[in-house]
Amino acid sequence: DAKTTQPNSMESNEEEPVHLPCNHSTISGTDYIHWYRQLPSQGPEYVIHGLTSNVNNRMASLAIAEDRKSSTLILHRATLRDAAVYYCILRDEDAGGTSYGKLTFGQGTILTVHP
Amino acid sequence: SAVISQKPSRDICQRGTSLTIQCQVDSQVTMMFWYRQQPGQSLTLIATANQGSEATYESGFVIDKFPISRPNLTFSTLTVSNMSPEDSSIYLCSAGQGLGWEAFFGQGTRLTVV
């Protein structure tokens, strides 16, 4: 399975932008880049995903490098509620592959948001 | 979207016993998965729950220890058998529709084996 590398932890101040990096140099053509986050004592929740183009939704933006070997999750204005573990995950969307639909979680980035 | 309910939310069990965790989705879903999250660790996939057939287990997980059922498109169970303290973890159910879908997760079942 293609692996991702994320910093162990990052800190931010409330209402400031946060850029969470992810390296995935062995990404394959059928891998989508997914981001999930896990708030304390909760199951993971979906944040955003993309393939090649940058993506925006109400929660965040995803910037994908042209060679797809890295990506950055952008929280435009961090709030205290954004304190969580953020996981960058490559998911194989090849319906005929054995890893289809599975999520392989790395250790993620612990984001601390200061008031 | 899908809402996933897990029961029980937590339990304390004696070693050597078994616990069955239920996962109910509020809509029909194509795919369901079970994960384990050991204390302070990330999530590890246990198996894919296949509707009407045997689950597909990941390396290191076996059916005798973690039997899984999926009788329909909205429900699945995971049993943790012959428990030991090493099985103390959070067990999470996940579901989704297929190509390009986002995965939804339950709140998890926090299991403590004493």
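Relevant structure appears above.
Scope of this entry: the structure provided in the associated data block. (Residues numbered from 1 in each chain as written. Chains lettered and ligands numbered in written order. Predicted model: local features only at pLDDT ≥ 70, side-chain atom pairs only at ≥ 80, totals over all residues. Heavy atoms only, no water.)

Following B:Lys7, the chain continues into B:Pro8 via a peptide bond in cis, with omega recorded as -10 degrees. Within the fold, B:Pro8 resides in the loop between strand E1 (4-7) and strand E2 (10-13). Positive phi, close to 65 degrees, is recorded for A:Arg68, a residue that is not glycine. On the secondary structure map, A:Arg68 appears in the loop between strand E6 (61-64) and strand E7 (70-75). (Helix = DSSP H or I, 4+ residues; strand = E, 2+ residues; numbered from the N terminus.)

This next bit is on the pattern of salt bridges. All names here are of chain A. Tallying each qualifying case throughout the model produces five salt bridges over all chains. The closest approach of N and O atoms between Glu15 and Arg77, which form a salt bridge, is 3.2 Å. Placement of the pair is Glu15 in the loop between strand E1 (9-13) and strand E2 (18-23) and Arg77 in the loop between E7 and strand E8 (84-92), with a sequence separation of 62 residues. For Glu15, a relative accessible area of 52% corresponds to the exposed category. With a closest N to O distance of 2.8 Å, Asp82 and Arg37 form a salt bridge. Of this pair, Asp82 sits in the loop between E7 and E8 while Arg37 sits in strand E3 (residues 31-38), and the two are 45 residues apart along the sequence. Here Asp82 matches Arg37 in class, with each residue buried. (Salt bridge = Lys/Arg side-chain N within 4 Å of Asp/Glu carboxyl O. Buried < 20%, exposed > 50% of the residue type's maximum accessible area, 1.4 Å probe, protein only.)

Let us now look at the pairing of strand E8 (residues 75-80) of chain B. Residue and element names in this part refer to chain B. The element E8 is extensively covered by neighbouring structure, given that six of its six residues are classed as buried. Judged by which residues are buried, E8 turns out to be covered on both faces: Phe75, Thr77 and Thr79 on one side and Ser76, Leu78 and Val80 on the other are all buried. Note that strand E3 (residues 19-25) and E8 share six bridges and pair antiparallel. What sits directly across from Ile21, in E8, is Leu78. Taken together, the two bridges between strand E7 (residues 68-69) and E8 define a ladder with antiparallel strand orientation. Bridge assignment links Ser69 to a residue of E8, and that residue is Thr77. Counting the residues in the hairpin turn of E7 and E8 gives five residues. (Pairing = 2+ DSSP bridges.)

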